[in-house]
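Observations on the three-dimensional arrangement
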Amino acid sequence: MMPRAFRTWRIALIAAACGVTIAADGAAPSMAGGAATANGGAATAVLAGMDRSVAPGDDFFMYANGAWLSATRIPPDQSSWSTFAMLRERTIERTSELIRTAAARPNPTSEERKIADYYATFMDEAAIEKKGLEPLAPALRAIARIDDRHKLASALGAAMRADVDVLNNTHLQTPNLFGLWVAADLDDPTHYIPILLQGGLEMPDRDYYLDPSQHMAAIRAQYLAHIGRVLTLAHIADARAKATRIFELERRMAQAHWSRADSEQVRKTDNHWTRADFDRRAPGLDWSAFFAAARLEGAARFIVWQPSALIGLAALTKEEPLETWKEYLTFHALEHAAPYLPKAFVAERFAFYGRTLSGTPELSPRWKRAVDQTDDALGDAVGKLYVARYFPPSEKARAEAMVRNLLAAYRVRIERLDWMAPQTKRKAEAKLATLKVSVGYPDTWRDYSALEVVSGDALGNAMRAEQLEYERSLGKLGRPVDRDEWVMTPQTVNAVNLPVLNALNFPAAYLQPPNFDPHRPSVMDYGAAGAVIGHEISHSFDDQGALFDASGKLANWWTKADFAHFEAAGARLVAQYDRYRPFPDLAVNGKQTLSENIADVAGLSAAYDAYRLSLNGQPGSSVGGLTTDQLFFLSFAQSWRTKMREAALRRLIVTDGHAPARYRADTVRNIDTWYAAFGVAPGMKLYLAPADRVRIW
Ligand SMILES: [Zn+2]
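Residues numbered from 1 in each chain as written. Predicted model: local features only at pLDDT ≥ 70, side-chain atom pairs only at ≥ 80, totals over all residues. Heavy atoms only, no water.

**Observations concerning the overall build of the protein**
The number of helices and strands found in the protein is 29 helices and 9 strands. Over its C-alpha atoms the protein spans a radius of gyration of 26 Å, differing by no more than 12% from the 26 Å that the globule rule assigns to 697 residues. Expressed as lengths along the three principal axes of its C-alpha atoms, the size of the protein is roughly 80 × 55 × 55 Å. Scored against the burial criterion, the 697 residues of the protein give a buried share of 58%. The contacts in the protein between residues at least 6 apart in sequence include a share of 73% that link residues at least 24 apart. Entry remark: accessible area of the protein is about 27,300 Å², with carbon and sulfur atoms responsible for 54%. (Helix = DSSP H or I, 4+ residues; strand = E, 2+ residues; numbered from the N terminus. Rg over C-alpha atoms; globule rule 2.2 N^0.38 Å. Buried < 20%, exposed > 50% of the residue type's maximum accessible area, 1.4 Å probe, protein only. Contact = heavy atoms within 4.5 Å. Areas by Shrake-Rupley, 256 points an atom, 1.4 Å probe, with all protein chains shown as cover.)

Right, here's the structure in full:
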């Protein structure tokens, strides 16, 4: 079973943002921001994608999207097409223009100059080519000078970065020996604590090193060859033998690693260690040298996420020959620097990680990579420009009003629940009252004044940006926890639930047409963005949200009876989704997708209530012959508009915590008002008797 833990509920929106008309060529003429300027235009957009020959009670997804599906072709370099994909393309083009022109206007700020210089330096391939490996030479010389285990420990500590984030962004992997995440202590969320995660592997997961299948064995053979080619490109002698030793060291590290499923079991990972515990429980690594180089010598307490992995990795630093470690560090330094090195290194990196591991046929154009790199280094500075141009205060206010109505709708729904114990309800209300929902962008922007951007030094710029992020993380230690912190940039087309902060972030780039559009009746926004906001809120109150209390502390606040009721209702939803069969030999897995399906039902129900609340007793809009309720449900089903290649759909069914988009659209069959809105009656394919409709919240 797919781990139903944090990855699935945090990144809920990846698939969630897909909306209205997209033309067959993948452009979105009616969505280009304000093109649908009146209710009439909005109605045209809704109607254009529908297939009215389908009965809504038989196949609501096709009724809402049939015409769009037959007119849409998936672009050749994509595995699917949806509004999410379209929004990401649009946003990267907009961001690129903002970055390129950041320093062009009169009196640019120093931050704007940094953005422009960072981008231009990355784009200057000729200069990068000319410098060759020289920018990396000091780092390689430092590795060559390591001549004892003490210096090895210092090198490993100095290489550590703040490049993991388990519960929010669900980044679990780092190629450094350990990854650092500074977050609120799971046992005491008023304080920050350093959290150490297993690392050291270049391939994505231990399975790539250990899984006996032919497919993985073939990838391993290619990886070994890749290591050899990287060393050869760097003119390192005896590349083949070194590659074998480097691979073997990583394979031994993988043996110590925890699986992804185990690493997502937060109750297994909440292990507090004192500084003394490292010397006592994880011998082999010179921890004093390691922590001094990592600038964590002052930290008294840590969370060790995967203790047996940390113990195993520490032992390897003593057991393996020093020379092998130096070869390993050299390869990792080359691999890490590759995006900023001459094109032979870039191409070799893409050939393995892009083509072999991801099946992507072509490297994305350099300007898109430059946008991503600039976003990584100066994300909030770019975000500031993005929201100034594309997210006016009126849209922020409109989104915040929608959030308030969603929260009010949840309050009523929780109060009305008949299965939850009264004392649990009080705790749910407390959690709802303290839930911090942030919309568009953070109240406080990150400060980049300490970042030195040097024109002509692409590698140095990237390394200094990483260093600044590491220092920003270290700087949190000893300070009060900042619940206003954002973990995504405003120009990210996604949203995130932050369980330890009891907070949600909805970036500006998600809140754009067709998810959220001022030029159409608001009921359509409630059906699209509103249902997704409701979905994310629901995760704070489901079987996973039950693990974290109102303060963000890891403390289960449900009674046994609450869980029993929740599971019984869930079982009926499992059965509902198990019956969806996109292929004769492959059905949706109701259990694997349960948390997300619950969130969909809850989010849609709450969004409907919230819309009604927003009307204040006034009648809603009806346009193009569609009633308010019809517009609400159509907007929801159209937000799931997705066309996917068969292989991708099969992979999604097997590996994803979310149901395929078309079945997410069918969530409507659990909502009574949908039946009245479309005259859905017994005998129709989606009809459920009132007793079979699942209501959890
Ligand atoms: Zn979700």
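**A closer look at the packing of aromatic side chains**
The description of an aromatic ring pair uses the distance of the two centres, along with the angle that the planes make with each other. One pass over the structure, following the stated rule, counts 43 aromatic pairs. Ring geometry for Tyr-223 against Phe-352: centres 5.3 Å apart, planes inclined by 35 degrees, an arrangement best described as tilted. Placement of Tyr-223 in helix H10 (residues 214-233) and of Phe-352 in helix H18 (residues 343-358) is noted, with a sequence separation of 129 residues between them. Comparing Tyr-223 with Phe-352 shows no difference in burial state: the two are buried. Linked through ring pairs, Phe-178, Trp-273, Phe-278, Trp-287, Phe-290, Phe-291 and Phe-302 together constitute an aromatic cluster. In this structure, Lys-396 packs its charged tip against the face of Tyr-441, placed 4.6 Å from the ring centre. (Phe/Tyr/Trp six-rings, centres within 6.5 Å; stacked < 30°, edge-to-face > 60°. Lys NZ or Arg CZ within 6 Å of the ring centre and 35° of its normal.)

**Looking at the packing of helix H3 (residues 60-71) against helix H26 (residues 628-639)**
Each packed pair of helices is defined by two parameters, the angle between the axes and the distance between the axes. At a closest axis distance of 9 Å, the pairing of H3 and H26 adopts a crossing angle of 75 degrees. It follows that H3 is roughly perpendicular to H26 by the angle criterion. Within the contact between the two elements, H3 uses Phe-60, Phe-61, Tyr-63, Ala-64 and Asn-65 and H26 uses Phe-633, Leu-634, Ala-637 and Gln-638. Here the contact of H3 with H26 is built from residues that sort into 7 nonpolar, 2 polar and no charged. (Axes fitted to C-alpha atoms, helices over the stretch in contact; angles between N-to-C directions. Parallel < 35°, antiparallel > 145°, perpendicular 65-115°, else oblique. Nonpolar A, V, L, I, M, F, W, Y, C, P; charged D, E, K, R; others polar.)

**Some thoughts on helix H19 (residues 366-390)**
For H19, spanning 25 residues, the distance from its first C-alpha to its last is only 24 Å, which falls clearly below the expected 36 Å at 1.5 Å a residue. Of all the bends in H19, the greatest measures close to 105 degrees and is centred on Leu-378. For H19, the tally of buried residues reaches 18 of 25 residues, placing the bulk of the element in the interior. (Expected span 1.5 Å × (residues − 1). Bend = angle between axes of the 7 residues up to and from the residue.)

**Structural notes on the coordination of the zinc ion**
For the zinc ion, the full set of protein donor atoms is His-535 (NE2), His-539 (NE2) and Glu-596 (OE), at a range of 2.0 Å. Sequence spacing of the donors to the zinc ion: H-x3-H-x56-E. With His-539 in helix H23 (residues 522-539) and Glu-596 in helix H25 (residues 594-615), this residue pair connects regions lying 57 residues apart in the sequence. The buried category is assigned to His-539, whose relative accessible area is 0%. According to the relative accessible area criterion, Glu-596 is buried, its value standing at 1%. (Donors = N, O, S within 2.8 Å, 3.2 Å for Na, K, Ca; no water.)

**Structural notes on the sheet that holds strand E8 (residues 503-507)**
Here 3 strands make up an open sheet; going across it, the order is E6-E8-E7 and the pairing mixed. Pairing within the sheet leaves two strands with one partner each, and these edge strands are strand E6 (436-440) and strand E7 (496-498). On average, adjacent strands in this sheet sit at an angle of 15 degrees to one another, irrespective of strand direction. Both E7 and E8 contribute to a ladder of 3 bridges, which runs antiparallel. Of the residues in E8, the one forming a bridge with Val-496 is Asn-505. Contacts from H23 reach E7 and E8, with the element oriented near 155 degrees to E8. (Pairing = 2+ DSSP bridges.)

**Structural notes on the environment of Phe-563**
Following the sequence through the fold, Phe-563 ends up in helix H24 (residues 560-578). In sequence terms Phe-563 and Ala-546 are 17 residues apart; their C-alpha atoms lie 9.3 Å from each other. Those residues in contact with Phe-563 that lie beyond four places of it in its chain are Asp-543, Ala-546, Asn-556 and Trp-558.

**Here's the deal with the confidence of the model for the protein**
With 94% of its residues at a pLDDT of 70 or more, the protein has an overall mean of 90. Counting interchain partners and residues more than four positions distant, the pLDDT-below-50 stretch residues 1-38 has 136 contacts. (pLDDT = per-residue confidence, 0-100.)

**Let's talk about unusual backbone geometry**
Pro-513 connects to Pro-514 through a cis peptide bond whose omega is 5 degrees. Locating Pro-514 in the fold gives a position in the loop between E8 and H23. Despite not being glycine, Asn-107 has its phi angle at roughly 50 degrees, a positive value. You can call Asn-107 exposed: its relative accessible area is 73%. Residues other than glycine seldom take positive phi values, yet Asn-502 does so here, at roughly 50 degrees. Take Asn-502: it is sitting in the loop between E7 and E8.

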